[in-house]
Amino acid sequence: MNNTSIARLPGEYWWGGVINDGSSMPFGHTAYTRDLRVTDDNQASPLLLSNKGRYIWSEEPFAFHVDENGLSIFDNAGEVIVEEEHSSLQGAYRHAAGTHFPPSNQMPDALVFTAPQYCTWVEMFYNPTQDRIIRYAESILANELPPGVLIIDDNWMMDYGMWDFDKHRFPNPREMIDTLHGMGFKVMLWMCPYVSADCTMFKELRACDLLLTGVDNAPIIRQWWNGYSAVVDYTKEEGAAWFKQQMDRLITDYGVDGFKLDAGEPFLPGGADTTQPVAWTRPLRQLEDCEAYANLGVGYSLVELRMCWKLGGQGLIQRQRDKTHTWDATGLSGLIPNAIAQGLLGYAFNCPDMIGGGMDGDINSPEFHFDSELFVRYTQCAALFPVMQFSMAPWRVLKGEELTWCLDAVRLRSELGPELLTLAHQAAADGLPILRSLEFEYPDCGYELVNDQFLLGQNLLVAPVVVKGLTSRTVVFPEGQWQDEDGNIINGPTELQVDAPLSRLPWYRKIQ
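Reading the values: rules and limits
- Residues numbered from 1 in each chain as written.
- Predicted model: local features only at pLDDT ≥ 70, side-chain atom pairs only at ≥ 80, totals over all residues.
- Heavy atoms only, no water.
- Salt bridge = Lys/Arg side-chain N within 4 Å of Asp/Glu carboxyl O.
- Helix = DSSP H or I, 4+ residues; strand = E, 2+ residues; numbered from the N terminus.
- Buried < 20%, exposed > 50% of the residue type's maximum accessible area, 1.4 Å probe, protein only.
- Expected span 1.5 Å × (residues − 1).
- Arc of directions from axis to C-beta.
- Contact = heavy atoms within 4.5 Å.
- Disulfide = S-S within 2.5 Å.
- Pairing = 2+ DSSP bridges.
- Axes fitted to C-alpha atoms, helices over the stretch in contact; angles between N-to-C directions.
- Parallel < 35°, antiparallel > 145°, perpendicular 65-115°, else oblique.
- Nonpolar A, V, L, I, M, F, W, Y, C, P; charged D, E, K, R; others polar.

A. Representation of the pattern of salt bridges within the structure. Here the structure, examined in full by the defined rule, presents 31 salt bridges. One salt bridge connects R37 with D75, and the closest N-O pair in it is separated by 3.3 Å. Note that R37 is positioned in the loop between β3 (32-35) and β4 (43-50) and D75 in the loop between β7 (70-74) and β8 (81-83), a separation of 38 residues in sequence. Looking at D75, the relative accessible area reads 31%, which means it is partly exposed. With its nearest N and O atoms 2.8 Å apart, the salt bridge here joins R504 to E485. Here E485 lies in the loop between β26 (472-483) and β27 (489-499) and R504 lies in the loop between β27 and β28 (507-510), a separation of 19 residues in the sequence. With relative accessibility at 15%, the residue R504 sits in the buried group. Taken together, the shared-partner salt bridges connect D262, E265, E304, R306, R319, D322 and D353 into one network.

B. Examining helix α4 (residues 130-142) more closely. A rise of 1.5 Å per residue sets the reference length of α4, with its 13 residues, at 18 Å; its end C-alpha atoms lie 18 Å apart and thus fit the reference within 8%. Of all the positions in α4, only Q130, I133, I134, Y136, A137 and I140 are classed as buried. All buried residues of α4 lie within an arc of 155° about the axis, which places them on one face of the element. Exposed residues pointing more than 90 degrees away from the buried face of α4 are listed as D131 and A142. For α4, the elements touching its buried residues are β9 (117-119), α3 (121-124), β10 (149-152), α5 (173-182), β22 (389-390) and α12 (394-397).

C. Region of interest: the state of the cysteines. Inspection of the entire model under this criterion finds 0 disulfides. Just so you know, C308 is unpaired, no disulfide at all, and the nearest cysteine sulfur is the one on C290, 6.4 Å from it. Using a relative accessible area of 1% as the deciding quantity, one classes C308 as buried. Here C381 is not cross-linked by a disulfide; its sulfur's nearest cysteine counterpart is in C351, at 12 Å.

D. Focus on the sheet that holds β7. What the 4 strands build is an open sheet, ordered β1-β7-β6-β3; its pairing is antiparallel. In the strand order of this sheet, the two ends are held by β1 (4-7) and β3, each with one partner. Taken pair by pair, the neighbouring strands of this sheet meet at an average axis angle of 10°, ignoring direction. Both β1 and β7 contribute to a ladder of 4 bridges, which runs antiparallel. Bridge pairing links I6 to L71 in β7.

E. Looking closely at the packing of helix α11 (residues 372-383) against helix α13 (residues 400-430). The N-to-C vectors of α11 and α13 enclose an angle of 5°; their axes lie 9 Å apart at closest approach. By the angle between their axes, α11 is roughly parallel relative to α13. Listed contacts from α13 to S372, E373, F375, V376, T379, Q380, A382 and A383 of α11 are E402, W405, C406, A409 and R413. Residues of the contact of α11 with α13, tallied by class, amount to 7 nonpolar, 3 polar and 3 charged.

F. Structural context of the pairing of strand β16 (residues 227-231). Across 2 bridges, the pairing between strand β14 (residues 194-195) and β16 is antiparallel. Residue pairing across strands places V195 opposite A230, the latter belonging to β16. Both strand β15 (residues 222-224) and β16 contribute to a ladder of 3 bridges, which runs antiparallel. Paired with Q223 across the strands is Y228, a residue of β16. Turn length for the β15-β16 hairpin, with the two strands adjacent in sequence and antiparallel, is 2 residues.

Function cannot be read off these values alone, since they describe shape.
Written out as C-alpha cells, the structure is:
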C-alpha cells in the first residue's frame, strides 16, 4: 500500500466518499478523515471530486484525510488514480463518470418522479395487514394526495428468508395488489438478505450451500436490528440467482412492481457483527459483498436501496439512511448536503428518506415529541427531490393550515412532475445529477460552501427553509434572470433575503 499526497490548490474543496457525510462536505475548510473500508450506513464510492477539476478514483476502498494543506490517501488496497485538468467540479464528474461508472440508460418507473412514495413503516411498523394497507391507500386519496408508489414495509412475509405473504394477515395478496393498481398505485415490497435460523428455508438453503459460512463451515449468524439471522450468500452466482427468483416469483404470482432492498451492510474485517469471520467461497475485494447485494436490484424498474458500494449510473433509487425527527444534520438539515453528495457519486435517482424521519429508536421513543413545523418544512424540502417519500400520514399528524401547506408542496411536485421526469430521462442518458449544487453549474463564483439550496437540472432553483423558526432566508441567485411563483424576476448574480413563511417553499425558474 502506497500513500498518495496532493497539495491543495488555492480555493480547492473536495466532495465524495460516503454520502451520509454530506454535511461535512465540501472537505478542505476543516480537517476531516474517513476510512471507506468501514462503510456501514449508506451509499459510498471510491471517488473524490474537486472544484478545481481534479478527482481521485480507485476500484478498492481507501482511507483519506483532508485539511487546509491538501489531501492524503492511505491504507489503499488498489491503485489510486489521480486525474487533473478537467477545469471544474462538473468537468471532473463528467470524466470520472464516463470512465468509471457510465450511465446505464436505465431509470426507475416514471411514477416515482411524478408522485410521492408512501411507505407503511411509521403507520404500521411490524403489523401491516391487507385491510390496513387498503385503508391506508384509501386515506391517501381521500386526503387529496395523488396515488403513487406504495411500499409495504417489514413483516408482510412468512419469515425472513421465506418471501411469501403471511396468509393470516394477507389472505388474498393478489386481490389486494389488483385493488391498489386499480386505485392508481404501484406496489413495492420490503426485503432483506437475512434468513431466520429456525425457518424451513434455512435448512433448504444450507443444504444447497447458499448461506454465508464461517471458518468452521457452519452458517454465519449475523446480528442486525431485528435480532440474529443467517445470510444468503449473494456473492455467489447461485445465491444471487436464488434471491432474484424470489423477487421474480412475487412479480409473477402477485403483480408486485418492485422492491425495497433494505440492509446489505458489508461484512467488516474481524467478523465483529457475526459469530465468527466469514469464510468466503472465493477471494473477495473489500466491500464487494455490499456491491453484490446492491447489484441484485439492477434491471428491475422499481428498486430502492439504502446500502450501495459503487454502481453509480444505474437505474436504482438510492435512499438516504433513516433520519431522525430533528432539525440537525441527522434529520432535516442533512438532506440537501447528502443529496448533493449522492448526485456526485453517480446516484441520480435519490430519495431523502421518510418525511419527518423514520428512525425507529427516535419516533418510537417515549420522549418523542412531534414537531409540526418540522414536518411541513421536511415536506417542502423533499417535494422537489428526485424522489419523495411519506410514511407518517400527514392527515394524521397535521391539522388545518399546516396540512394545507403540506398538500400545497405535494401539488407543486405534481405540477413539476413532468419536468422531473424529463430530467430523470436525461440523467439515465448522460449520467449527470438531477439534484445539483450551485458549484456544479456555476464554477468559480464562490458557491462552494452553499449547501442549503439546490438546482434541479439547470433551470430550477430550490431554497427550502431548514432552520426552526425562520420565516425568511437568504437565497443565492446565480447569473441570469430567475422568476418566482408570483412572476417576480430577480436578476443574478445576487443574494437576497426572501420571505419564507411556513406556507412557502421558495423556488425559482431561470427564464434567461
